[in-house]
Structures are given as structure tokens and as C-alpha cells.
Amino acid sequence: MQLIIKKNPADLAKAAADFIVKRIKDTLKKQDRFTIALSGGSTPKALHELLAKSPYVDQIPWLQLHVFWGDERYVPIDDEQSNAGMAYDTLLGHVYTPEEQIHVWRTDLEPDAAAADYDRILHEYFGESGPSFDLVLLGMGDDGHTLSLFPGTEVVHEKTAWTKAYFLTQQNMFRLTLTAPITNRASCVAFLVAGPKKAEPLKEVLEGAYNPDKYPSQVIKPVDGELVWLVDEKAAALLQN
Ligand SMILES: O=C(O)[C@H](O)[C@@H](O)[C@H](O)[C@H](O)COP(=O)(O)O
């Protein structure tokens, strides 16, 4: 595991953009497509805004990107809570990745059908046992959740399915999410975490006892890939190492 600490959210977004550009360039020396899973939240939003402009925008071969989302709220894409909507507004609406290479979660289907549809797309891309995402970008909630793996939910312990839909009672909405097994097959998973509210959960996730029911981010451990935590100083304030 690699922990990278940056002074503030702006420096964190720059470090994340540099990291992504390098990762894409290095990977595309060995293969002709790059699969990335995006996430929601304010930290990725700042990152997207950076990637959409100079100098980053010119360094990424957008035509070779294949874009997915780690999770989605079950709302229409034009709802302000949509992760895909946010990514289009801040990034995908400004670059040249072909529409057929961008895979939004369908929220016009019933939740279970939407999860099955995403599962089908993933299997088409990755096969039953082949490689998986080149990069998964994740955030962590103040409660230690990541993806739509929330504290106390069954999906945190999912061992086989790659996607799930379920009703999240505390938010009174359906959630669509990748599970740990598919996420952990990625070549690289990078968490982006900023702000003082993340200090306590970050300490518990990285240095506390294993308790994924309370801190679901602990289930994210790539099997053969790299795990990178990019955090700012406020989020890192309680870490000992
Ligand atoms: O769907 C959600 O509940 C959020 O999108 C969530 O998963 C987000 O990634 C974290 O809460 C971190 O968000 P920040 O980057 O804003 O801290």
C-alpha cells in the first residue's frame, strides 16, 4: 500500500491528475485501451475539472479510454445526485471519449435489472476470469463507506457477484454498486480523501482493527494490483505512520 499525503485539496487534485496521466501513459505502452472506474463526491469533482483543462487534457489519449463508474445513485442522469451526471458536467462533456466507450449505470431499468445489465457489460469487457480495471478511483465517506458499500450493509461481504443493487434505508434510495471482488481485481485502486471529517475514519481504516461492518473501505484490497491512498494533511491528521 502506498500513502501519499498532500498539503491541501488543490495539491491533492494535482497529484491525482499527475498520477492518472502517468498510469494511463504507462499502461497504453502495453495495451491499446485503458479502463477506468470513476466515483462521485467533491474530491473527484475537483480532479475532473483539472483533467478537463490544460495541461492535463492534452496529455490523455481520450479515444482509448473506456469509462465506468464504481457506483451510482438510482436517480436520472440529469439529477444533481447522479455520479455520471457530475462526471459529464465536469469532464466527459469536454473530451473526446466516444459515447459507446462510456458505461453509465442504467437508471431507467428496475434496480436489479440495472445491476444485471452492468454485470453483463463487465463480463463482455473482462471475461469470466480475465484481467479487470486498469484503474478504479474511489472516495471515502465520513462514515468509512466506499463505492455504495455502507456500514452495516450485507453487500460489504459480497464474495461472488460483481454488481449489486439494494435499497439503502438510511438514505431512502436504491444504490447500484460494484462489489469488492471485482474492484479487488483491478491493476490499481486509488482512494482520494480530503478534509478533517475523514481523519477519524481514515485512521480506523488504515491503522485500526479489521471491522468492515463499521469501516467498509477496509474490504478494498487489490489481489494483485496496487492500492494507493492519496490524502490531504487534514485527512491524515490522526495517522501515526
Ligand atoms: O455516493 C456517495 O455517497 C458519495 O459519492 C460517496 O461515495 C463519496 O465518494 C464519498 O462520500 C466521498 O466524498 P467526498 O469526495 O465529497 O469527500
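Computed from a predicted model, the values in this text were never measured in an experiment. Starting afresh in each chain, residues are numbered from 1 along the sequence in its written order. A pLDDT threshold of at least 70 governs which residues receive local features in this predicted model, and a stricter bar of 80 or more applies before side-chain atom pairs are shown or counted, although totals over entire chains, interfaces and linings include all residues. Side-chain measures here rest on the full set of heavy atoms in the structure, leaving out hydrogens and waters.

Our next topic: the overall build of the protein. Helix and strand content of the protein: 6 helices and 9 strands. The globule rule puts the C-alpha radius of gyration for 241 residues at 18 Å, and the 17 Å found for the protein is close to it. On the principal axes, the C-alpha backbone points of the protein span a range of 45 × 40 × 35 Å. With a 1.4 Å probe rolled over the protein chains alone, any residue whose accessible area is under 20% of its type maximum counts as buried; one over 50% counts as exposed, and the rest are partly exposed. For the protein, the residues scored as buried account for 55% of the 241 residues in total. Contacts between residues were defined by any pair of non-hydrogen atoms, one from each residue, lying within 4.5 Å. Across the protein, every contact between residues at least 6 apart in sequence was considered, and the portion connecting residues at least 24 apart equals 75%. Under the convention used here, a 1.4 Å probe and the Shrake-Rupley method define accessible areas, while residue burial counts only the protein chains that appear. A total accessible area of about 11,100 Å² is found for the protein, and carbon and sulfur atoms account for 51% of it. Separation between the mean location of the 24 positive side-chain charges and that of the 34 negative ones in the protein comes to 7 Å. Each helix is a run of DSSP H or I of at least 4 residues and each strand a run of E of at least 2, with the numbering of both proceeding from the N terminus. What the globule rule says is 2.2 Å times the number of residues to the power 0.38, and the radius of gyration is computed from C-alpha atoms. Think of it this way: Lys and Arg go in the positive column, Asp and Glu in the negative one, and His and the chain ends go nowhere. To locate a charge, take atom NZ for lysine, CZ for arginine, CG for aspartate or CD for glutamate.

Each pocket or cavity is described by its volume, and for the largest pocket that value is around 390 Å³. Taken together, 24 residues line the largest pocket, and the ones lying closest to its centre are Gly40, Gly41, Met140, Gly141 and His145. Contributions of two or more residues to the lining of the largest pocket are made by helix H2 (42-51), strand S4 (71-73) and strand S7 (173-178). Among the elements that take part in the lining of the largest pocket, H2 stands out by supplying 3 residues, more than any other. Residues are grouped as follows: Ala, Val, Leu, Ile, Met, Phe, Trp, Tyr, Cys and Pro are nonpolar; Asp, Glu, Lys and Arg are charged; all remaining types, including Gly, are polar. Looking at the lining of the largest pocket residue by residue, the classes come out as 8 nonpolar, 12 polar and 4 charged. Buried and open spaces are told apart on a 1 Å grid over the protein atoms alone, a cavity being a set of points where a 1.4 Å probe fits but cannot get out and a pocket being an open set with protein on both sides within 12 Å along at least five of seven lines. Residues with an atom within 4 Å of a point are the lining residues. Around the second largest pocket sit Met1, Val205, Leu206, Tyr210, Ser217, Gln218, Ile220, Lys221, Leu227 and Trp229, which together line it. Residue assignment for the lining of the second largest pocket shows that the elements contributing at least two residues are helix H6 (199-207) and strand S9 (226-232). Grid points are joined across faces, edges and corners, and a volume is the space filled by probe spheres set on the points.

Here the aromatic set is Phe, Tyr and Trp, taking the six-membered ring for Trp, and pairing holds for ring centres within 6.5 Å; pairs whose planes are under 30 degrees apart are stacked, those over 60 apart are edge-to-face, and all others are tilted. This model, assessed by the stated rule, comprises 10 aromatic pairs. With 5.0 Å between their ring centres and 70° between their planes, Phe126 and Phe133 make a pair best called edge-to-face. Neither residue differs from the other here; Phe126 and Phe133 are each classed as buried. Aromatic rings pair up to connect Phe68, Trp105, Tyr118, Tyr125, Phe126 and Phe133 into one cluster.

Further remarks concern the environment of Ile36. Tracing the backbone shows Ile36 in strand S2 (residues 34-38). Residues Ile36 and Val205, spaced 169 residues apart in sequence, show a C-alpha to C-alpha distance of 24 Å. Each residue touching Ile36, except ones within four places of it in the same chain, is listed here: His66, Val67, Phe68, Phe133, Leu135 and Leu137.

We call a residue near a molecule or strand whenever a single non-hydrogen atom of that residue lies within 4 Å of it. Taken together, 15 residues surround the ligand, and among them Ser42, Thr43, His145, Arg175 and Lys198 come closest. Whenever a nitrogen or oxygen atom comes within 3.5 Å of another N or O atom, the pair is scored as a polar contact, on the condition that within protein one atom can donate a hydrogen and the other can accept it, and that pairs from neighbouring residues in sequence are kept only if both atoms are in side chains. Contact distances for the ligand include 2.6 Å between an oxygen atom and a side-chain N or O atom of Thr43. The separation between an oxygen atom of the ligand and a polar side-chain atom of Arg73 is 2.9 Å. Listed by contribution, the elements that provide at least two residues to the shell around the ligand are H2 and S4. The dominant element in the shell around the ligand, judged by the number of residues it contributes, is H2, at 3 residues.

Here the focus is the UniProt feature "domain: Glucosamine/galactosamine-6-phosphate isomerase" (unreviewed entry) in the protein. UniProt positions are given in the numbering used here, feature names are shortened, and annotations may be inferred rather than shown by experiment. The positions UniProt marks with the feature "domain: Glucosamine/galactosamine-6-phosphate isomerase" (unreviewed entry) are residues 8-229. For residues 8-229, the helix share is 30%, the strand share is 18%, and the end-to-end C-alpha distance is 14 Å.

Per the counting criterion, the structure on display carries 1 cavity of 30 Å³ or more. Volume-wise, the largest cavity comes out at about 100 Å³. Elements supplying a minimum of two residues to the lining of the largest cavity: helix H1 (9-28), S2, H2 and strand S3 (65-69).

Residue placement: His103 occurs in the loop between helix H3 (83-90) and helix H4 (111-126). A distance of 3.0 Å separates polar atoms of two side chains, one belonging to His103 and the other to Tyr125. Excluding residues within four positions of it along the chain, His103 makes contact with Val67, Phe68, Trp69, Tyr118, Ile121 and Tyr125.

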